[in-house]
Amino acid sequence: SPPPKDEPLAAESELLSRALAALNVGQPGQALAAIAANRSRFPRGRLAYEATLAEVKAQLASGEDRLAIAALERAMAMPGFDDLPRSVELILLHAELQARARDCASALPTFDRLADRADLEGTLAERALYGRAGCLASRGDGAGSRQALEDYLRRFPGGRFAPAARTALGTSE
């Protein structure tokens, strides 16, 4: 005989599916409504982490950076967060949103920690180094920002932020 169906998980999955479907068609408001229903009905559900990430996406799509920051903080506080495959990317996104909200005092330690990780490569390393430079500049540390931009260009001479880094440094190469 087939195993018994997990009714709560099925219902939780259905609500999350509605949220993701709404996100996929550009309706973040409907996604947020489905996520709120999910959180109300399943506050400690088995898909709570996935629902929180969907909420982050919906808040970003709605232009609600501060609410996205709060949702990321909820995700980061969940047990086992650091062991999840995308945890570093989400920590970096949190710092980028803090910087965008002009809270470089909070973002800079994260950018520093990530930019100094030898195992961080590719776009995540690029974003961390460039974020560090931007926060240092916004805090009035011109020498530190210059050094961060030079570090960025040394590691990523053809990187996504290389033209902006060169412009900020006043170089053309």
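These notes cover the structure that comes with them. What you see is a predicted model; the values in this text were computed from it and never measured. (Residues numbered from 1 in each chain as written. Predicted model: local features only at pLDDT ≥ 70, side-chain atom pairs only at ≥ 80, totals over all residues. Heavy atoms only, no water.)

Some points on helix H1 (residues 7–24)
Over its 18 residues, H1 runs 25 Å from end to end, which matches the ideal 26 Å to within 8%, given 1.5 Å per residue. Restricting attention to buried positions, one finds in H1 the residues Ala 11, Glu 12, Leu 15, Leu 16, Ala 19, Ala 22 and Leu 23. An end-on view of H1 places all buried positions within 130° of arc, on one side of the element. Contact partners of the buried residues in H1: helix H2 (28–41) and helix H3 (48–61). Looking one or two residues beyond H1, the residue adopting positive phi is Gly 26, at roughly 75°. (Helix = DSSP H or I, 4+ residues; strand = E, 2+ residues; numbered from the N terminus. Expected span 1.5 Å × (residues − 1). Buried < 20%, exposed > 50% of the residue type's maximum accessible area, 1.4 Å probe, protein only. Arc of directions from axis to C-beta. Contact = heavy atoms within 4.5 Å.)

Let's talk about the layout of surface pockets
By volume, the largest pocket is sized at about 260 Å³. Residue lining of the largest pocket: 14 residues in total, with Glu 96, Arg 127, Tyr 130, Gly 131 and Phe 161 positioned closest to the centre. Mapped onto the lining of the largest pocket, the elements with two or more residues apiece are helix H5 (87–100), helix H7 (122–138) and helix H8 (142–155). The greatest single-element share of the lining of the largest pocket, amounting to 7 residues, is contributed by H7. Class assignment of the residues belonging to the lining of the largest pocket gives a composition of 8 nonpolar, 3 polar and 3 charged. (1 Å grid on protein atoms, 1.4 Å probe; cavity = no way out; pocket = protein on both sides within 12 Å on 5 of 7 lines; lining within 4 Å. Points joined across faces, edges and corners; volume = space filled by probe spheres on them. Nonpolar A, V, L, I, M, F, W, Y, C, P; charged D, E, K, R; others polar.)

Examining the pattern of salt bridges
What the rule picks out here adds up to 11 salt bridges. With a shortest N-O distance of 2.5 Å, Arg 74 and Glu 55 are connected by a salt bridge. Of the two residues, Arg 74 sits in helix H4 (residues 65–77) while Glu 55 sits in helix H3, which places them 19 residues apart along the sequence. Residue Glu 55 is classed as buried on the basis of its relative accessible area of 8%. The closest approach of N and O atoms between Arg 132 and Asp 116, which form a salt bridge, is 2.7 Å. Of the two residues, Arg 132 sits in helix H7 while Asp 116 sits in the loop between helix H6 (104–115) and H7, which places them 16 residues apart along the sequence. When its relative accessible area of 56% is taken as the criterion, Asp 116 is described as exposed. Bridged by salt links that share partners, the residues Arg 39, Glu 55 and Arg 74 form one connected network. (Salt bridge = Lys/Arg side-chain N within 4 Å of Asp/Glu carboxyl O.)

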